[in-house]
Amino acid sequence: MKVTLAMKPGARSFIPIEAESIVPKNFLAGTDLLVWRGNREFRLDEVFAVSVEGDADRSEDVEVVLSGETFRLKRVGEYMDGGRITILGDIGMHCGNFMSGGTIEVHGNADGWLGREMAGGTILCRGDAADYCASGYRGGRKGMTGGTVEVFGRAGDFLAESIAGGTVIVHGDAGDMPGAEMHGGTLIVHGDCRRPGANMKGGSCYVYGTAQGMLPTFKKIETVQHEGRTLIRFTGDIANRGKGNLFVKDYEYLD
Amino acid sequence: MSELLIRNACVIDPLRGINAETMDIAIRDGRIVEEVSDAAEVIDARGMLTLPGGVDSHTHICGTKVNFGRYMSPEDMRAGRTPRRGPLHATSGYSVPTTYGNSYRYSVMGYTTLLEGAMAPLEARHTHEEFLYTPLQDTMANVLFDGNWGIMEAIRDGDKKRVAAIIAWTLKAVKGFAVKLTNPGGTEAWQWGKNVSCIRDPVPHFEVTPAEIIRSIVEANELLHLPHSVHLHCNNLGTPGNYTCTLGSLGLIPDLNKKRQTLYATHVQFHAYGGSGWKDFCSKSEPIARFVDMRPQIVMDMGQVMFGRTTTMTADGPMEFNLYRLHHEKWSNHDVELETGSGIIPVIYRRKNLVNSIMWAIGLELALLTKSPWQCLLTTDNPNGAPFVKYPEIIGLLMSKKYRDAEFATIHPDTASRVPLPAIERELDWYEIAVMTRAGQARALGLQDLGKGHLGPGADADVAIYPLLIDEVDPSVDYRKVIDAFSRTEYTIKRGRVVARRGECLVDGSNATFWVRPKVSEVYDMGKDPDFIEKFDRYYTVRMRNYPVQAEYLNRNRCIETEAEI
């Protein structure tokens, strides 16, 4: 089943739309769903031109395609457990919150908290991801616990903060503090970043570019070969008795 | 005139010696009366367990440190969210819920009166503001005097009447209810990065010892004829082997009041530890319970620890710093000028942790080993030992050996050799639970004459009707039913109005705040004492005239006037 949701031009507004109902399994029972914009509730077909092709009886067979000016759509794919969501443009904050299965593909950029506290499934972001990608939420002890997030552009600050499992791959640069409070899982940044792994206690963080502002609380151990690259291995964050592994191609301490 | 008649209630009312009698309760204009007219609204209680409204004599629900617990744990705010519904506000939070969250959840459990355990005088306004938004319970606050400079200087000078005078002035100024001592002397020492190890260590810069502070303030409390006794959180909380310090502190207390205890020792679970370190940590609940059995002048509360996540908050700053070093979690620390301090950290008590398992056992042991339920009250020191929503489970544990054994099988296996709990057969009965959750608490707070904790004519019509037919339920076996019933009243009646029914709060109540104004002679009016005024102007960041809490912070209030002996 393929559900196409094209944002109606009339729905253009500066007010974000809370669209946690846009999850493949919800479409098994039809398209009679509600979304909030500000303090008003709308039917899905008031905001989107909705078309459905074929049918399905399990969420794995549902594909939802979002198009139009979707960058103000928040919480798309929240608690998603199967199926596929394809977003042809940009997507708003909290896309794929608590997701446990299925695939979300964003062809444009994603706003903050992409895949926050995600437990499984796959998120592909063809553009850039903003801050707190695959992270925890305010004060939370665990970020992503499973699944994969792959960002082909750049990522913002606090990438994979409090990550406890799963894999995050960023092909461009990342911002400040990627992998802060990391407990487990794997974080790979192909480009540069600043202050990776702050306060990490476990897991592995790979920086294939340069770690700027490298934290002095990491202890240099050895040089290792990793997928054809020569990386320098650190352990830490020893300020917090952590046993994480930080691999960097290059690093610079602050003066 | 509003009238209400509760028919066929199975009443347990320990302050009047009533044990499971089927009777009617008549209510007119918020008070219990002998009889009402035929026009009265009728509630048929159908033989259900009916108790006076619950009283919590030690909880932390309002004020700056509670609010700071909310700030620093945004993750806690994500738990326990409920939407706005009818007259109800939206709530959120689990261990430190919003004020409405506290009020609704307490009300659903049948609680109608709450004592905020610690209010820093300088920050009293915040507590009173939050009281205004705790609509379904009457509230009152203990005022912290543990590190008060004026008091410590008066104690050093041997001037007990001045101690009493400062307490009187402060209680009146901040609209407080009773005197609280938290790690007396230790919190002041903490302002200098130090602590006191027990009651004989001098407090730096003041050269008084905790023992002198405790004894002088206990005597001053009686000079002022306050309704409640001194409320003491002993020194050396939470350290292995601290039970000797606790016994020493309790041993200081003379029997000075015929009507109630002279000392309320709070969360004694945290003060009943044996061993010389965490490796040989063990329970010393037995010596504490035996000691309390012999001394009618002491009432304690359990401070029961329950497993799960919570937030600890106390004026005992140094203790929280030690706890922070143990857990490596978030930590907040606060200094209240010339008065006290505080610390807050979130914790998780775990079944697989030996120390936590022993702590869990000690609270239950204290309640089961203390002979008189009037002397050991049921609390968790909410939220320090556990959030108050765990009270029904604690009631289940106290009433059922079977439940205790089932729980015991899930905790750390080494616990059995460190605690007497598995050998304790006692199962509390309905009457004893009623004492520990309302009658005993009201008497300990000195509130029974003010119409709390009983259902006699003239009392405030605070009633909790639980969906339990006590003849048909054997609590030692059907403990699940007991827990469910105590979690959700059939009716909670607050001042003659049904405020909650079957887990739903129905109205936005209008609560009252109780506070105390001791009348002292002109000479002992600290507001006119030149030394006191000078000290105030010199050291406080606020002016004396800005310090007292104004009347507008108390919309409905009951001022208790006492005739002081000074």
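- Under an unreviewed UniProt entry, the name given to chain B is Formylmethanofuran dehydrogenase subunit A, and the organism recorded is Methanoculleus oceani.

- As annotated in an unreviewed UniProt entry, chain A carries the name formylmethanofuran dehydrogenase and is attributed to Methanoculleus oceani.
- Regarding chain A, the relevant UniProt record gives this comment under Pathway (unreviewed entry): "One-carbon metabolism; methanogenesis from CO(2); 5,10-methenyl-5,6,7,8-tetrahydromethanopterin from CO(2): step 1/3."

## Observations regarding the overall build of chain A
Then comes step 1: Scanning chain A from terminus to terminus reveals 1 helix and 18 strands.
Then comes step 2: A globule of 255 residues ought to have a C-alpha radius of gyration of about 18 Å, and chain A, at 19 Å, matches this closely.
Then comes step 3: Overall size of chain A, expressed as C-alpha extent along the three principal axes, is 60 × 35 × 30 Å.
Then comes step 4: Buried residues in chain A amount to 53% of all 255 residues.
Then comes step 5: Sequence-distant contacts, at least 24 apart, represent 33% of the contacts inside chain A between residues at least 6 apart.
Then comes step 6: Here chain A displays about 10700 Å² of accessible surface, and carbon together with sulfur accounts for 46% of that area.

## What to know about the packing of aromatic side chains
Then comes step 1: Counting across every chain of the model gives 33 aromatic pairs over all chains.
Then comes step 2: Pairing Trp113(A) with Tyr132(A) gives two aromatic rings, centres 4.7 Å apart and planes at 10°, and the pair type is stacked. Here Trp113(A) is found in the loop between β9 (101-106) and β10 (122-125), whereas its partner Tyr132(A) is found in the loop between β10 and β11 (148-151), with 19 residues between them in sequence. Each member of the pair, Trp113(A) together with Tyr132(A), is buried.
Then comes step 3: For the pair Phe321(B) and Trp331(B), a centre-to-centre distance of 5.0 Å together with 50° between the ring planes defines the contact as tilted. Here Phe321(B) is found in helix α11 (residues 317-327), whereas its partner Trp331(B) is found in the loop between α11 and β16 (332-336), with 10 residues between them in sequence.
Then comes step 4: When its relative accessible area of 31% is taken as the criterion, Trp331(B) is described as partly exposed.
Then comes step 5: Within the aromatic cluster, the residues linked to one another by ring pairs are Trp169(B), Phe532(B), Phe536(B), Tyr540(B) and Tyr547(B).

Reading guide: rules and limits
Residues numbered from 1 in each chain as written. Chains lettered and ligands numbered in written order. Predicted model: local features only at pLDDT ≥ 70, side-chain atom pairs only at ≥ 80, totals over all residues. Heavy atoms only, no water. UniProt positions renumbered as here; feature names shortened; annotations may be inferred. Helix = DSSP H or I, 4+ residues; strand = E, 2+ residues; numbered from the N terminus. Rg over C-alpha atoms; globule rule 2.2 N^0.38 Å. Buried < 20%, exposed > 50% of the residue type's maximum accessible area, 1.4 Å probe, protein only. Contact = heavy atoms within 4.5 Å. Areas by Shrake-Rupley, 256 points an atom, 1.4 Å probe, with all protein chains shown as cover. Phe/Tyr/Trp six-rings, centres within 6.5 Å; stacked < 30°, edge-to-face > 60°.

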